[in-house]
Amino acid sequence: LRESDLAGASAAARAQLSPAAPAAVVVAALDALDAHADPAEIEALVERYTALPAEAQGRARDLFFGRPGAALAFLRLVERGAVDAATIPVGQLAPLALHRDAAIDAIVRARWGRVGPGTPEEKLATMRRLTNDLRAGPGDAARGKALFARACGGCHVLFGEGNRVGPELTGANRGDTTALLANVVAPSAVIRADWLAHTVVTRSGRVVTGLLAEQDAAAVTILDAQNRRVGIPRDEIEAIEAAAVSLMPERILAQLSPEELRDLFAWLQR
């Protein structure tokens, strides 16, 4: 696209970011801005975050967190209390560490603690705690199905439902509770080559992480953790490398109560 075409696409997308617009329209506009807007435009959108429909705010955070300037501007909202830190899933914070920005890292530590990979001792303690929670009683598979759709279905297929960003679980060894827990608590311990994530850094500082879906001489296409295909022209890429960790975030079960954990595993092991 020519520069004038890109500017027109960005302007059209911004026009859709009305508080009265349906969430699906706002998400589509954010997708368009992710593809066409420059970093300054994205940073300018941060102050409009709280006016966006609640269903579109997660997509907006993805948009901001991929760019260091917008990420820091958003974290300043959290710092001054305009956005509640508790409304942001810890797993969504992982891309922030890729910017290697001291100010970003300081706010994340202050508001959420350490969100990087846990130590082996921490993971072992988590395994023991979750095992005890699972042994405390039966779960409800019907409720667990809804929990799977929310927590896991964005990346995994089970019983024909979900997305294929990660391995399908239907034929996996789901009956082995210890192995299943270990894969969730330490997702980066073993990563099959088919599911190795890559991180792309553009010349503007944008960071995109996901599976390497397609590539040719003109562009690279990344399939991200939200099952979105992101095309990046080769001439905009500063660096591309295999990620050291899985796309699946650690502590994904931390958001669940013991009862919800049992419900989820009742569905996973059905």
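In every chain, residue numbers begin from 1 and rise along the written sequence. Owing to the predicted nature of the model, reporting of local features is limited to residues with pLDDT of at least 70; listing and counting of side-chain atom pairs is limited to 80 or more, with chain, interface and lining totals taken over all residues. Computation of side-chain values covers all heavy atoms of the structure but excludes hydrogens and water.

**Student:** I'm lost on the pairing of strand E4 (residues 207-215) in this one. Help?
**Tutor:** Moving residue by residue along a regular strand, the side chains alternate between the two faces of the sheet. Pairs of strands are assigned from DSSP output, requiring at least two bridges between the strands. Secondary structure elements are defined from DSSP: runs of H or I of at least 4 residues count as helices, runs of E of at least 2 residues count as strands, and each element is numbered from the N terminus. Here strand E3 (residues 197-202) pairs with E4 via 5 bridges, running antiparallel. When the sheet's bridge partners are listed, alanine 197 is paired in E4 with leucine 211. The hairpin turn running from E3 into E4, its antiparallel successor, is 4 residues long, and glycine 205 in that turn takes a positive phi close to 100°. Where E4 and strand E5 (residues 219-223) come together, 4 bridges link them in antiparallel fashion. From the neighbouring strand, glutamine 215 faces E5, where its bridge partner is valine 220. Here E4 folds back onto E5 in antiparallel fashion, the turn holding 3 residues.

**Student:** Please clarify how helix H4 (residues 54-65) should be interpreted in this entry.
**Tutor:** In an α-helix, one full turn covers 3.6 residues, which means residues spaced three or four apart are oriented alike. Between the first and last residue of a helix there are one fewer steps than residues, each counted as 1.5 Å, and that sum is the expected span. For H4, with 12 residues, the first-to-last C-alpha span of 17 Å sits near the 16 Å given by 1.5 Å per residue. The buried count for H4 comes to 9 of 12 residues, which makes it a mostly enclosed element. A 1.4 Å probe rolled over the protein chains alone gives each residue an accessible area, and that area as a share of the maximum for its type sets the label: buried under 20%, exposed over 50%, partly exposed in between. Within the span of H4, buried status applies to Ala56, Gln57, Arg59, Ala60, Arg61, Asp62, Leu63, Phe64 and Phe65. Lining the buried residues of H4 we find helix H2 (23-36), helix H3 (39-45) and helix H5 (68-79). Here, residues are in contact when the closest pair of their heavy atoms is within 4.5 Å.

**Student:** Teacher, can you tell me more about the sheet that holds strand E7 (residues 237-242) here?
**Tutor:** In a beta sheet, neighbouring strands pair by backbone hydrogen bonds and run either parallel or antiparallel. One open sheet holds the 5 strands; their spatial order is E6-E5-E4-E3-E7, and the pairing between them is antiparallel. Of all the strands in the sheet, just strand E6 (229-233) and E7 have a single pairing partner and so form its edges. The average undirected angle you get between the axes of adjacent strands in this sheet is 45°. In this description, a line fitted to the C-alpha atoms serves as the axis of each element, helices being fitted only across the stretch in contact, and the angle between N-to-C directions of two axes falls anywhere from 0 to 180 degrees.

**Student:** What exactly am I supposed to notice about the side chain of aspartate 224 here?
**Tutor:** In this structure, aspartate 224 sits in the loop between E5 and E6. Under the relative-accessibility criterion, aspartate 224 is labelled buried at 8%. N or O atoms closer than or at 3.5 Å make up a polar contact, with two conditions inside protein: a donor-capable atom paired with an acceptor-capable one, and, for residues adjacent in sequence, both atoms drawn from side chains. A distance of 2.9 Å separates the side chain of aspartate 224 from the backbone nitrogen of arginine 228, its partner in a polar contact. Other than its neighbours up to four places away in sequence, aspartate 224 contacts Val165, Thr209, Gly210 and Val230.

**Student:** Just to check I follow, could you spell out the confidence of the model for the chain for this structure?
**Tutor:** Interpretation of this model should avoid reading the predicted coordinates in detail wherever pLDDT is low. Confidence per residue, as judged by the predictor, is encoded in pLDDT with a range of 0 to 100. Looking at the chain as a whole, the pLDDT averages 88, with 95% of positions reaching at least 70. For residues 1-8, every residue scores under 50 in pLDDT, and the model assigns this stretch 3 contacts once sequence neighbours within four places are set aside.

**Student:** Sorry if this is basic, but what is going on with the nonpolar core here?
**Tutor:** One broad trend across soluble globular proteins is that nonpolar side chains are buried collectively. By size, the foremost hydrophobic cluster in this structure holds 33 residues, and its most contacted members are Phe64 and Phe74. Every element with two or more residues in this core is listed here: H2, H3, H4, H5 and helix H6 (102-112). Per-element tally for this core: the top contributor is H5, with 6 residues. With sequence-adjacent residues up to four places away left out, phenylalanine 64 is seen in contact with Ile42, Leu45, Val46, Tyr49, Ala70, Ala71 and Phe74. Here, the term nonpolar core denotes a set of buried Ala, Val, Leu, Ile, Met, Phe, Trp, Tyr and Cys residues that are joined through side-chain atoms within 4.5 Å. Listed in part, the 21 residues of the second largest apolar core include Leu130, Leu169, Ile252 and Leu264.

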